[in-house]
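Examination of the molecular architecture
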Amino acid sequence: MKKAAPKRRGGSPRITHPDQFDLLDVPEPTAVMITYSGRTVDLERPDFGPFDIEDIARPLAYQCRFVGNTQRFFSVAQHCVLASRLAPQGYAYDALMHDCEEAFTGDWPTPWKVRIGRDAIRQAVEPIKSALALRFGFRHPEPKAVKLADQRALATELRDLCAPHRVNWRDLPDPDEATIVPLGPEEALADFLEHYRRLKPA
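Some points on empty space enclosed by the protein
Within this structure, the stated rule accounts for one cavity of 30 Å³ or more. Roughly 40 Å³ of volume is contained in the largest cavity. Taken together, Asp 94, Met 97, His 98, Lys 129, Phe 138, Arg 139, His 140, Glu 142, Pro 143 and Val 146 make up the lining of the largest cavity. Classifying every residue of the lining of the largest cavity by side-chain character gives four nonpolar, two polar and four charged.

Shown next, in the form of C-alpha coordinates:
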(Lines give C-alpha, C1' and ligand atoms only; values in the text may rest on other atoms or scores of the structure.)
Protein backbone atom coordinates (compact mmCIF):
# COMPACT_ATOMS: atom_id res chain seq x y z
CA MET A 1 0.00 0.00 0.00
CA LYS A 2 1.41 3.36 -1.01
CA LYS A 3 2.22 5.63 1.90
CA ALA A 4 0.29 8.87 1.88
CA ALA A 5 2.26 12.06 1.38
CA PRO A 6 2.63 14.25 4.48
CA LYS A 7 -0.09 16.82 4.93
CA ARG A 8 0.81 20.41 4.24
CA ARG A 9 0.50 23.05 6.89
CA GLY A 10 -2.58 25.16 6.52
CA GLY A 11 -3.64 23.24 3.44
CA SER A 12 -1.24 25.29 1.29
CA PRO A 13 -1.42 24.55 -2.45
CA ARG A 14 1.18 22.50 -4.24
CA ILE A 15 4.12 24.41 -5.66
CA THR A 16 4.66 23.32 -9.24
CA HIS A 17 7.95 23.61 -11.09
CA PRO A 18 8.73 21.73 -14.31
CA ASP A 19 12.11 20.52 -13.06
CA GLN A 20 11.42 20.14 -9.34
CA PHE A 21 10.56 17.15 -7.21
CA ASP A 22 7.81 17.75 -4.68
CA LEU A 23 9.96 17.43 -1.57
CA LEU A 24 7.04 16.48 0.65
CA ASP A 25 6.39 13.49 -1.61
CA VAL A 26 9.99 12.26 -1.53
CA PRO A 27 10.59 9.46 1.03
CA GLU A 28 13.97 10.88 2.04
CA PRO A 29 13.91 14.66 1.41
CA THR A 30 17.44 15.13 2.72
CA ALA A 31 18.69 13.26 -0.37
CA VAL A 32 17.39 16.04 -2.63
CA MET A 33 19.01 19.44 -3.20
CA ILE A 34 17.40 22.61 -4.51
CA THR A 35 19.36 24.81 -6.89
CA TYR A 36 19.15 28.60 -7.04
CA SER A 37 16.96 28.35 -10.18
CA GLY A 38 14.44 26.14 -8.40
CA ARG A 39 15.47 22.84 -9.95
CA THR A 40 16.03 19.83 -7.72
CA VAL A 41 18.47 16.95 -7.96
CA ASP A 42 18.26 13.52 -6.38
CA LEU A 43 21.78 12.96 -5.04
CA GLU A 44 21.47 9.18 -5.21
CA ARG A 45 20.04 9.04 -8.75
CA PRO A 46 20.99 12.39 -10.30
CA ASP A 47 19.62 13.45 -13.67
CA PHE A 48 20.99 16.72 -15.01
CA GLY A 49 19.19 16.53 -18.34
CA PRO A 50 17.07 19.66 -17.75
CA PHE A 51 19.89 21.64 -16.09
CA ASP A 52 21.50 24.74 -17.59
CA ILE A 53 25.13 25.72 -17.09
CA GLU A 54 24.00 28.56 -14.79
CA ASP A 55 22.95 25.91 -12.25
CA ILE A 56 26.62 24.96 -12.08
CA ALA A 57 28.34 28.30 -12.62
CA ARG A 58 26.49 30.36 -10.03
CA PRO A 59 27.18 28.24 -6.93
CA LEU A 60 30.81 27.83 -8.02
CA ALA A 61 31.13 31.61 -8.36
CA TYR A 62 29.75 32.20 -4.87
CA GLN A 63 31.98 29.62 -3.12
CA CYS A 64 35.36 30.71 -1.84
CA ARG A 65 38.35 28.42 -2.17
CA PHE A 66 40.12 27.13 0.97
CA VAL A 67 36.81 27.40 2.90
CA GLY A 68 37.25 31.17 2.85
CA ASN A 69 40.75 31.11 4.33
CA THR A 70 42.15 33.42 1.67
CA GLN A 71 43.37 36.98 1.98
CA ARG A 72 40.84 38.01 -0.67
CA PHE A 73 37.70 36.31 -1.97
CA PHE A 74 38.60 33.80 -4.69
CA SER A 75 35.86 31.59 -6.05
CA VAL A 76 35.83 27.99 -7.21
CA ALA A 77 34.60 29.32 -10.57
CA GLN A 78 37.73 31.45 -10.98
CA HIS A 79 39.85 28.48 -9.91
CA CYS A 80 38.25 26.45 -12.72
CA VAL A 81 38.98 29.19 -15.25
CA LEU A 82 42.58 29.34 -14.04
CA ALA A 83 42.96 25.57 -14.40
CA SER A 84 41.43 25.80 -17.87
CA ARG A 85 44.00 28.40 -18.89
CA LEU A 86 46.84 26.25 -17.52
CA ALA A 87 45.67 23.07 -19.24
CA PRO A 88 47.37 21.88 -22.43
CA GLN A 89 45.66 22.20 -25.78
CA GLY A 90 42.65 19.93 -26.06
CA TYR A 91 41.95 19.84 -22.32
CA ALA A 92 40.79 23.39 -21.57
CA TYR A 93 37.08 22.49 -21.46
CA ASP A 94 37.65 19.45 -19.24
CA ALA A 95 39.72 21.58 -16.86
CA LEU A 96 37.01 24.26 -16.78
CA MET A 97 34.45 21.65 -15.68
CA HIS A 98 36.72 19.60 -13.41
CA ASP A 99 35.13 20.83 -10.16
CA CYS A 100 31.54 21.17 -11.41
CA GLU A 101 30.22 18.69 -8.83
CA GLU A 102 31.16 21.21 -6.15
CA ALA A 103 28.05 23.13 -7.17
CA PHE A 104 26.28 20.42 -5.15
CA THR A 105 28.91 19.16 -2.69
CA GLY A 106 30.77 22.32 -1.79
CA ASP A 107 34.54 22.70 -2.10
CA TRP A 108 36.33 20.05 -0.01
CA PRO A 109 39.71 21.40 1.13
CA THR A 110 42.58 18.97 0.56
CA PRO A 111 43.35 18.41 4.29
CA TRP A 112 39.78 17.21 4.84
CA LYS A 113 39.92 14.93 1.79
CA VAL A 114 42.99 13.29 3.29
CA ARG A 115 41.49 13.07 6.79
CA ILE A 116 38.13 11.61 5.70
CA GLY A 117 39.59 9.50 2.90
CA ARG A 118 39.74 10.39 -0.78
CA ASP A 119 38.22 7.06 -1.82
CA ALA A 120 35.19 7.50 0.45
CA ILE A 121 34.55 11.00 -0.88
CA ARG A 122 35.10 9.90 -4.48
CA GLN A 123 32.61 7.04 -4.08
CA ALA A 124 29.94 9.31 -2.59
CA VAL A 125 30.36 11.94 -5.30
CA GLU A 126 30.71 9.54 -8.25
CA PRO A 127 26.99 9.43 -9.25
CA ILE A 128 26.90 13.23 -9.42
CA LYS A 129 30.16 13.56 -11.37
CA SER A 130 29.19 10.85 -13.86
CA ALA A 131 25.78 12.40 -14.46
CA LEU A 132 27.32 15.86 -14.93
CA ALA A 133 29.87 14.47 -17.40
CA LEU A 134 27.04 12.88 -19.37
CA ARG A 135 25.06 16.13 -19.44
CA PHE A 136 27.87 18.58 -20.15
CA GLY A 137 30.21 16.42 -22.20
CA PHE A 138 33.55 16.57 -20.37
CA ARG A 139 35.92 13.65 -19.93
CA HIS A 140 35.48 11.50 -16.83
CA PRO A 141 37.46 10.05 -15.12
CA GLU A 142 39.68 13.09 -15.01
CA PRO A 143 42.62 12.98 -17.45
CA LYS A 144 46.11 13.37 -15.99
CA ALA A 145 46.57 16.61 -17.96
CA VAL A 146 43.57 18.11 -16.15
CA LYS A 147 44.83 16.99 -12.74
CA LEU A 148 48.19 18.63 -13.44
CA ALA A 149 46.45 21.89 -14.42
CA ASP A 150 44.40 21.71 -11.22
CA GLN A 151 47.57 21.24 -9.15
CA ARG A 152 49.30 24.14 -10.88
CA ALA A 153 46.27 26.31 -10.12
CA LEU A 154 46.46 25.22 -6.46
CA ALA A 155 50.16 26.05 -6.29
CA THR A 156 49.46 29.49 -7.74
CA GLU A 157 46.64 30.12 -5.28
CA LEU A 158 48.79 29.10 -2.31
CA ARG A 159 51.41 31.60 -3.44
CA ASP A 160 49.10 34.52 -4.23
CA LEU A 161 46.06 34.15 -1.95
CA CYS A 162 47.05 32.44 1.29
CA ALA A 163 48.87 33.76 4.32
CA PRO A 164 52.60 32.99 4.50
CA HIS A 165 52.89 29.38 5.63
CA ARG A 166 55.35 26.56 6.14
CA VAL A 167 53.07 23.71 5.01
CA ASN A 168 54.91 21.19 2.85
CA TRP A 169 53.46 21.39 -0.68
CA ARG A 170 56.62 20.12 -2.41
CA ASP A 171 54.69 17.54 -4.40
CA LEU A 172 52.92 20.31 -6.33
CA PRO A 173 54.15 21.48 -9.75
CA ASP A 174 55.48 24.98 -10.30
CA PRO A 175 52.84 27.74 -10.09
CA ASP A 176 51.81 29.93 -12.98
CA GLU A 177 54.11 32.86 -13.69
CA ALA A 178 51.20 35.33 -13.75
CA THR A 179 49.83 36.69 -10.46
CA ILE A 180 46.19 36.03 -9.66
CA VAL A 181 43.82 39.00 -9.74
CA PRO A 182 40.77 37.88 -7.71
CA LEU A 183 37.29 38.59 -9.06
CA GLY A 184 34.06 39.14 -7.18
CA PRO A 185 31.28 36.54 -7.47
CA GLU A 186 29.38 38.20 -10.33
CA GLU A 187 32.58 38.86 -12.31
CA ALA A 188 33.74 35.28 -11.76
CA LEU A 189 30.32 34.00 -12.85
CA ALA A 190 30.44 36.02 -16.09
CA ASP A 191 34.01 34.91 -16.79
CA PHE A 192 33.18 31.24 -16.22
CA LEU A 193 30.17 31.44 -18.52
CA GLU A 194 32.20 33.19 -21.23
CA HIS A 195 34.82 30.42 -21.12
CA TYR A 196 32.12 27.73 -21.10
CA ARG A 197 30.38 29.12 -24.18
CA ARG A 198 33.67 29.45 -26.03
CA LEU A 199 35.11 26.06 -25.09
CA LYS A 200 32.13 23.69 -24.92
CA PRO A 201 32.01 20.95 -27.55
CA ALA A 202 29.84 21.67 -30.59
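Some words on the environment of Cys 162
Residue placement: Cys 162 occurs in the loop between α7 (144–161) and α8 (185–199). With residues near it in sequence (within four places) discarded, Cys 162 still touches Phe 66, Asn 69, Gln 71 and Glu 157.

A closer look at the packing of aromatic side chains
Note on aromatic pairs: each is described by the distance of the centres and the angle between the planes. Applying the stated criterion across every chain yields a total of five aromatic pairs. An angle of 80° between the planes, with centres 6.4 Å apart, marks the rings of Phe 136 and Tyr 196 as edge-to-face. Of the two residues, Phe 136 sits in helix α6 (residues 118–136) while Tyr 196 sits in helix α8, which places them 60 residues apart along the sequence. Lying over the aromatic face of Tyr 36, Arg 58 brings its terminal NZ or CZ to 5.0 Å of the ring centre.

Describing unusual backbone geometry
A cis amide bond links His 140 with the next residue in sequence, Pro 141, at an omega value of 5°. Non-glycine residue Phe 66 carries a positive phi angle of around 60°. One can find Phe 66 in the loop between α1 (54–61) and α2 (76–86). Residue class for Phe 66 comes out buried when judged on its relative accessible area of 19%. A positive phi angle, near 55°, is found at Val 67, a position not held by glycine. Looking at the secondary structure, you find Val 67 in the loop between α1 and α2. Val 67 gets classed as exposed once you look at its relative accessible area, which sits at 57%.

Describing the nonpolar core
The biggest cluster of nonpolar side chains holds 29 residues, and the ones touching the most others in it are Ile 56, Met 97, Phe 104, Leu 132, Phe 136 and Phe 192. Counting only elements with at least two residues in this core, the list comes to α1, α2, α3 (92–96), α4 (102–105), α6 and α8. Each residue touching Ile 56, except ones within four places of it in the same chain, is listed here: Cys 100, Ala 103, Phe 104, Leu 132 and Phe 136. In this structure, Leu 82, Ala 83, Ala 149 and Leu 161 belong to the second largest nonpolar core, which totals 11 residues.

Some words on a nonpolar patch on the surface
On the surface, a cluster of nonpolar side chains totalling about 310 Å² of accessible area is made up of Trp 108, Trp 112 and Ile 116. Within the element layout of this structure, Trp 112 appears in helix α5 (residues 110–116).

Structural notes on α8
With 15 residues, α8 should reach 21 Å at 1.5 Å per residue; the first-to-last C-alpha distance of 21 Å fits that figure. Residues of α8 that are buried include every one of Ala 188, Leu 189, Phe 192, Leu 193, His 195 and Tyr 196, and no others. Across the axial projection of α8, the buried residues extend over an arc of 165°, all falling on one side. Where the residues of α8 are buried, they touch α1, α2, α3 and α6.

How each quantity is defined
- Residues numbered from 1 in each chain as written.
- Predicted model: local features only at pLDDT ≥ 70, side-chain atom pairs only at ≥ 80, totals over all residues.
- Heavy atoms only, no water.
- 1 Å grid on protein atoms, 1.4 Å probe; cavity = no way out; pocket = protein on both sides within 12 Å on 5 of 7 lines; lining within 4 Å.
- Points joined across faces, edges and corners; volume = space filled by probe spheres on them.
- Nonpolar A, V, L, I, M, F, W, Y, C, P; charged D, E, K, R; others polar.
- Helix = DSSP H or I, 4+ residues; strand = E, 2+ residues; numbered from the N terminus.
- Contact = heavy atoms within 4.5 Å.
- Phe/Tyr/Trp six-rings, centres within 6.5 Å; stacked < 30°, edge-to-face > 60°.
- Lys NZ or Arg CZ within 6 Å of the ring centre and 35° of its normal.
- Buried < 20%, exposed > 50% of the residue type's maximum accessible area, 1.4 Å probe, protein only.
- Core = buried A, V, L, I, M, F, W, Y, C linked by side-chain atoms within 4.5 Å.
- Patch = residues over 30% accessible without salt bridge, like charges linked within 9 Å, V, L, I, M, F, W, Y side chains within 5 Å.
- Areas by Shrake-Rupley, 256 points an atom, 1.4 Å probe, with all protein chains shown as cover.
- Salt bridge = Lys/Arg side-chain N within 4 Å of Asp/Glu carboxyl O.
- Expected span 1.5 Å × (residues − 1).
- Arc of directions from axis to C-beta.

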